[in-house]
Amino acid sequence: FAWSEDGTQIAFSAAEPEPQQKKDRKGHLGDFEVVRGDYTHAHLWTLVVADALKAPVAGTQRTKGTQLHVGSFAWSPDGTHIAFSATANPDLVQGGTADLHVIDLASDTVRPLVTQPGPDSNPRWSPDGTQVAFSSAMGRPDYYHANSRVAVVPAGGGTPRSLTDGFDENPGLLTWATDGAIYFSASQKTAAHLFRLDPATGTHTRVSAPDALIGGSFSLARDARQLAFVAASPTSMGEVFVSATAPFQPRQLTAATRQLDALIVGSREVVAWKSQDGEPIEGVLVKPANFDPSRKYPGLVVIHGGPTGVDRPTLIDMRYYPVSPLVSNARNDVPACLDPIDEA
């Protein structure tokens, strides 16, 4: 869901009610689904907040049919249009068909905005409503394992222009703030930061610090003077911070890590070695709290899925495997764990 800029409406994506034909089939034959036949497309809806506060409302359905499966979307600054991404259908294999569209809410007329090959998604309007920033593969067929780009296109249509060709990471578009800058987040090896992008020149600068910061869930005020985010470290769980964007001086608001005060946890550090082709590879080495450097320990290599994921040296990382409990038993010959950052 997304609030309109003036706070009077909410747009949301939802499926249409189940058709009567499918209800009848379910009652006669039981509940089943025809793979790649019974698609449930997501559509765009809006509601008036004042009406919804009086009683629950169904909302007004804005898109219809089986040609578009709505994904990400954003209101225009004046509230008259919504830019959205849509794939051909909900099938995961259709991710590369994501294009951008704009709907005129006065008539519910949908027009294409960006239709180049590869996925184009996550639209963000410029403060004056004349341009739309978005995440793009810029037509690359190998988009799945390649860095995406932040691009812009005139709101009325035109040729997309990539802004981050010189940024050798995968930018996650956040917002186009009223200060005129575009903000995005991105990993840098095992760290993760917030960046400021000049849409006129394509110049980017890093906002957050220090180098080893592992930040995420960045949320900026409209004028981008203040932000909130979550950050973890080798000695802390994810905590909520607030800061000015300039100067960046985070102030911690939460203390989730205190719940571990009575526990004995291992240490985490980033290590590096050379692959067979000479390329440097990094991994996260997790050692028990009572680690003795004079002793040899069995080694357990934890290879996560991907191949585009990243492991980080954060305290108590239990996303896929019980690494921390295994390491805590290293004194009983359960090995220390080396967690490669990327299985490739």
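Below, the structure is looked at part by part. All of these numbers come straight from a predicted model, not from anything done at the bench.

### Some details on the overall build of the protein chain
In terms of regular secondary structure, the protein chain is built from three helices and 24 strands. Referenced to the eigenvectors of the C-alpha coordinate spread, the extents of the protein chain come out at roughly 75 × 60 × 50 Å. Each of the 344 residues in the protein chain was classed as buried or not, and the buried ones make up 39%. Taking contacts inside the protein chain between residues at least 6 apart in sequence as the whole, the part at least 24 apart equals 42%. For the protein chain, the accessible area works out to roughly 18600 Å², and carbon and sulfur atoms hold 54% of it. Averaged over its 28 positive side-chain charges, the protein chain has a centre that lies 4 Å from the centre of its 37 negative ones.

### So, the sheet that holds strand β4 (residues 60–61)
Strand order in the open sheet formed by four strands is β1-β2-β3-β4, with antiparallel pairing between adjacent strands. The open sheet has two free edges, formed respectively by β1 (2–3) and β4, since each of these has just one partner strand.

### Observations regarding the sheet that holds strand β9 (residues 120–125)
The four strands are arranged β9-β10-β11-β12 in an open sheet whose pairing can be described as antiparallel. Of all strands in the sheet, those with a lone pairing partner are β9 and β12 (161–162), marking the two edges. Sheet analysis places β9 next to strand β10 (residues 131–136), joined by four bridges and oriented antiparallel. Within β10, the residue paired with Ser 121 across the bridge is Ser 135.

### So, the nonpolar core
In terms of nonpolar packing, the biggest core is built from 14 residues, with Tyr 183, Leu 194, Leu 220, Leu 227, Phe 229 and Phe 248 touching the most fellow members. Contributions of two or more residues to this core are made by β17 (214–220) and β18 (226–233). The greatest single-element share of this core, amounting to three residues, is contributed by β18. Ignoring any residue separated from it by four or fewer positions in sequence, one finds Leu 220 in contact with Leu 174, Thr 175, Tyr 183, Leu 194, Gln 226, Leu 227 and Thr 245.

### A closer look at unusual backbone geometry
Here the residue pair Ala 209 and Pro 210 is connected by a cis peptide bond, since its omega of 0 degrees sits within 30 degrees of zero. Relative to the elements of secondary structure, Pro 210 occurs in the loop between β16 (204–206) and β17. At Met 138, a residue that is not glycine, the phi angle is positive and equals roughly 50 degrees. Among the secondary structure elements, Met 138 is positioned in the loop between β10 and β11 (149–154). Residue Met 138 is classed as partly exposed on the basis of its relative accessible area, which comes to 26%.

### Examining the pairing of strand β19 (residues 236–244)
Pairing of β18 with β19, which is carried by seven bridges, proceeds in the antiparallel orientation. Within β19, the position partnered with Leu 227 by the bridge is Ser 243. Between β18 and the antiparallel strand that follows it, β19, lie two residues. Bridge count between β19 and strand β20 (residues 251–252): two bridges; the pairing is antiparallel. Bridging across to β20, Phe 241 finds its partner in Gln 252.

### Comments concerning the pairing of strand β3 (residues 42–48)
Among the seven residues that make up β3, six are buried, leaving the element largely enclosed by the rest of the structure. Bridge analysis of strand β2 (residues 9–15) against β3 gives seven bridges, and the strand direction is antiparallel. Opposite Ala 15, over in β3, you have Ala 42 as the bridge partner. Strand direction decides the pairing type here: β3 and β4, joined by two bridges, are antiparallel. For Trp 45, the partnering residue across the bridge sits in β4 and is Gln 61.

### Quick notes on the layout of surface pockets
Quantified by volume, the second largest pocket comes out at close to 680 Å³. Per-class residue counts for the lining of the second largest pocket are 14 nonpolar, five polar and three charged.

### Concerning the pattern of salt bridges
Applying the stated criterion across every chain, the model contains twelve salt bridges. With a closest N to O distance of 3.7 Å, Arg 222 and Glu 5 form a salt bridge. Within this pair, whereas Arg 222 is found in the loop between β17 and β18, its partner Glu 5 is found in the loop between β1 and β2, the two being separated by 217 residues in sequence. Glu 5 gets classed as partly exposed once you look at its relative accessible area, which sits at 36%. The shortest N-O distance in the salt bridge between Arg 206 and Asp 211 comes to 2.8 Å. On the accessibility criterion, Asp 211 (59% relative accessible area) is exposed.

### A word on the environment of Pro 127
One can find Pro 127 in the loop between β9 and β10. Taking the C-alpha atoms as reference points, Pro 127 and Gly 27, separated by 100 residues in sequence, lie 51 Å from one another. The residues contacting Pro 127, other than those within four sequence positions of it, are Pro 77, Trp 176, Ala 177 and Thr 178.

Reading the values: rules and limits
Residues numbered from 1 in each chain as written. Predicted model: local features only at pLDDT ≥ 70, side-chain atom pairs only at ≥ 80, totals over all residues. Heavy atoms only, no water. Helix = DSSP H or I, 4+ residues; strand = E, 2+ residues; numbered from the N terminus. Buried < 20%, exposed > 50% of the residue type's maximum accessible area, 1.4 Å probe, protein only. Contact = heavy atoms within 4.5 Å. Areas by Shrake-Rupley, 256 points an atom, 1.4 Å probe, with all protein chains shown as cover. Lys, Arg positive; Asp, Glu negative; His and termini not counted. Charge placed at Lys NZ, Arg CZ, Asp CG, Glu CD. Pairing = 2+ DSSP bridges. Core = buried A, V, L, I, M, F, W, Y, C linked by side-chain atoms within 4.5 Å. 1 Å grid on protein atoms, 1.4 Å probe; cavity = no way out; pocket = protein on both sides within 12 Å on 5 of 7 lines; lining within 4 Å. Points joined across faces, edges and corners; volume = space filled by probe spheres on them. Nonpolar A, V, L, I, M, F, W, Y, C, P; charged D, E, K, R; others polar. Salt bridge = Lys/Arg side-chain N within 4 Å of Asp/Glu carboxyl O.

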